[in-house]
Amino acid sequence: MPFRPARPSAAALAGLLLLAAGCTTVGGPSADRAAPARELSAAELRAAAVADADLGAGYAVTVMTPGHGDTGAGAGREVADVPACQPLLDAVTPAASGAATASPGPGYPYAETDLGVARAADPERGLYGGLLGYRTGRAAALQAELEKLFGPCAAFTSAAPAPPAEKQGRKAPIRTGHRLSRVDTPTPGGADAALGFTLTNESGSAVLSQRAVLARVGPVLAVFTTFGVATEPAAAPDELVVRRQVAKLRAAQAGGPAGG
């Protein structure tokens, strides 16, 4: 059964993954940490992605190309009214981010694998995942950066860029309201830490909500995302998917078989 997202666009998914890449990290330590983690190559990271067989009957996993939906660096950049929140906007507008370029900056992962997970019992609600590999120490160091954003970026607005010349009929730039909030999230067994949050984008009567769980497994950040709207808020990411993905990453880093 092919993966089919309910409402979010490819750009919205890529944007949230870049949020993790650019300014994310996680909460408290786990008592279940196994062997010392090692960096995974791009091929190893892709091989460690959760698959249908890891989840059981009724699940379908599709591995996607990282950076899908990008249209080139610098295009469509929104400007936040709070400067500290600009990294968030650069994240949710992936075309404005340099993460998909051939030479990403030091804050971005050296390797990325994206995937979508669908359930036969609920095909309209998809879960998106991103596995982001960082150089040793970088994933943990990103924690302080995200922690600082929950205050100044709890509520802020942004303005869209000026329309292109052929679309000058749209005179006023679109303003969007954003809300960022933490969601209490337990650390999955095998992970070093985890963080849950929601991010909303409100433009007129349209409200898109993104709910995410980020789990740090050694030098890898695993991002699990769902989407919703005002009348149907984003659901918590499937705990089974989170647990199995964490187990596969930890096993790959330790060089052993995956647990569950």
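Residues numbered from 1 in each chain as written. Predicted model: local features only at pLDDT ≥ 70, side-chain atom pairs only at ≥ 80, totals over all residues. Heavy atoms only, no water.

## Quick notes on the state of the cysteines
Part 1 of the reasoning: Counting across every chain of the model gives one disulfide.
Part 2 of the reasoning: In this model, Cys 85 is linked to Cys 153 through a disulfide, with the two sulfur atoms separated by 2.1 Å. Because the sign of the S-S torsion sets the handedness, a value of about -115° for the bond joining Cys 85 and Cys 153 places this disulfide among the left-handed ones. Here Cys 85 is found in the loop between strand 2 (79-80) and helix 4 (86-92), whereas its partner Cys 153 is found in the loop between helix 6 (143-147) and strand 5 (155-159), with 68 residues between them in sequence. (Disulfide = S-S within 2.5 Å. Helix = DSSP H or I, 4+ residues; strand = E, 2+ residues; numbered from the N terminus.)

## Here we look at helix 7 (residues 239-254)
Part 1 of the reasoning: End to end, helix 7 covers 23 Å across 16 residues, agreeing with the expected 22 Å (1.5 Å per residue, within 8%).
Part 2 of the reasoning: Every buried residue belonging to helix 7 is among Leu 240, Val 241, Val 242, Gln 245, Val 246, Ala 247, Lys 248, Leu 249, Arg 250, Ala 251 and Gln 253, and all of these are buried.
Part 3 of the reasoning: For helix 7, the side-chain oxygen to backbone nitrogen distance between the N-cap and Leu 240 is 2.9 Å, and the N-cap itself is Asp 238.
Part 4 of the reasoning: One or two residues past the end of helix 7 sits Gly 255, with phi positive at roughly 80°. (Expected span 1.5 Å × (residues − 1). Buried < 20%, exposed > 50% of the residue type's maximum accessible area, 1.4 Å probe, protein only. Polar contact = N/O pair within 3.5 Å; in protein donor to acceptor, adjacent residues only side chain to side chain.)

## Regarding the nonpolar core
One broad trend across soluble globular proteins is that nonpolar side chains are buried collectively.
Part 1 of the reasoning: Core analysis: the largest hydrophobic core is formed by 25 residues, its most contacted members being Leu 45, Leu 55, Val 117, Phe 224, Val 241 and Leu 249.
Part 2 of the reasoning: Of all the secondary-structure elements, those providing two or more residues to this core are strand 1 (59-64), strand 3 (111-119), strand 4 (127-133), strand 8 (206-217), strand 9 (220-229) and helix 7.
Part 3 of the reasoning: The next biggest cluster of nonpolar side chains, apart from the first, holds 19 residues, and it includes Ala 80, Leu 142, Phe 156 and Leu 180. (Core = buried A, V, L, I, M, F, W, Y, C linked by side-chain atoms within 4.5 Å.)

## Things to note about the confidence of the model for the protein
Part 1 of the reasoning: Within the protein, residue pLDDT values average 75, and 67% of them lie at 70 or more.
Part 2 of the reasoning: Across residues 1-18, confidence stays below pLDDT 50; counting only partners more than four residues off in sequence or on other chains, it has 50 contacts.
Part 3 of the reasoning: Confidence drops under pLDDT 50 across residues 94-103; counting only partners more than four residues distant or on other chains, this segment forms 26 contacts. (pLDDT = per-residue confidence, 0-100. Contact = heavy atoms within 4.5 Å.)

## Section: the side chain of Thr 176
Part 1 of the reasoning: Examined against the element boundaries, Thr 176 turns out to sit in strand 6 (residues 175-183).
Part 2 of the reasoning: Other than its neighbours up to four places away in sequence, Thr 176 contacts Glu 78, Phe 156, Thr 157, Ser 158, Asn 201, Glu 202 and Ser 203.

## A few points about the pattern of salt bridges
Part 1 of the reasoning: Tallied over the full model, the rule gives seven salt bridges.
Part 2 of the reasoning: Among the salt bridges present, the one from Glu 44 reaches Arg 38, with a minimum N-O distance of 3.1 Å.
Part 3 of the reasoning: Across the salt bridge formed by Asp 54 and Lys 248, the nearest N and O atoms sit 3.0 Å from each other. Highlighted residues: Asp 54 in helix 3 (residues 52-55) and Lys 248 in helix 7, separated in sequence by 194 residues.
Part 4 of the reasoning: Judged by its relative accessible area of 22%, Asp 54 is partly exposed.
Part 5 of the reasoning: Overlapping salt bridges, with partners in common, bring together Asp 192, Arg 216 and Arg 250 in one network. (Salt bridge = Lys/Arg side-chain N within 4 Å of Asp/Glu carboxyl O.)

## Some thoughts on the sheet that holds strand 6
Part 1 of the reasoning: Within the open sheet, the nine strands sit side by side as 1-3-4-9-8-7-6-5-2. Their pairing is antiparallel. Single-partner strands in this sheet number two, and they are strand 1 and strand 2.
Part 2 of the reasoning: In this structure, strand 3 lies alongside strand 4, joined through seven bridges in antiparallel fashion. If you follow Leu 115 over to strand 4, its bridge partner there is Gly 129.
Part 3 of the reasoning: Where helix 7 meets the sheet, it contacts strand 1, strand 3, strand 4, strand 8 and strand 9, and its direction lies at approximately 165° from that of strand 9. (Pairing = 2+ DSSP bridges. Axes fitted to C-alpha atoms, helices over the stretch in contact; angles between N-to-C directions.)

## A look at the environment of Ala 48
Part 1 of the reasoning: The topology assignment puts Ala 48 in the loop between helix 2 (42-47) and helix 3.
Part 2 of the reasoning: Residues Ala 48 and Gln 253, 205 residues apart in the sequence, show an inter-C-alpha distance of 9.3 Å.
Part 3 of the reasoning: Excluding anything up to four places from it in sequence, Ala 48 contacts Leu 131, Gln 245, Lys 248, Leu 249 and Ala 252.

## Comments concerning the pairing of strand 8
Taken residue by residue, a regular strand's side chains alternate between the two faces of the sheet.
Part 1 of the reasoning: Pairing between strand 7 (residues 193-203) and strand 8: eleven bridges, direction antiparallel. Looking at strand 8, one finds that Ala 193 is bridged to Arg 216.
Part 2 of the reasoning: Linkage of strand 7 to strand 8, two consecutive antiparallel strands, is achieved through a turn of two residues, within which Gly 204 is found at a positive phi near 65°.
Part 3 of the reasoning: As defined by bridge partners, strand 8 adjoins strand 9 across ten bridges and the pair is classed as antiparallel. If you follow Val 217 over to strand 9, its bridge partner there is Val 220.

## Some points on the pairing of strand 7
Part 1 of the reasoning: Along strand 7, eight of the eleven residues are buried, which leaves the element largely enclosed by surrounding structure.
Part 2 of the reasoning: As defined by bridge partners, strand 6 adjoins strand 7 across seven bridges and the pair is classed as antiparallel. Directly across from Arg 179, in strand 7, lies its bridge partner Thr 200.

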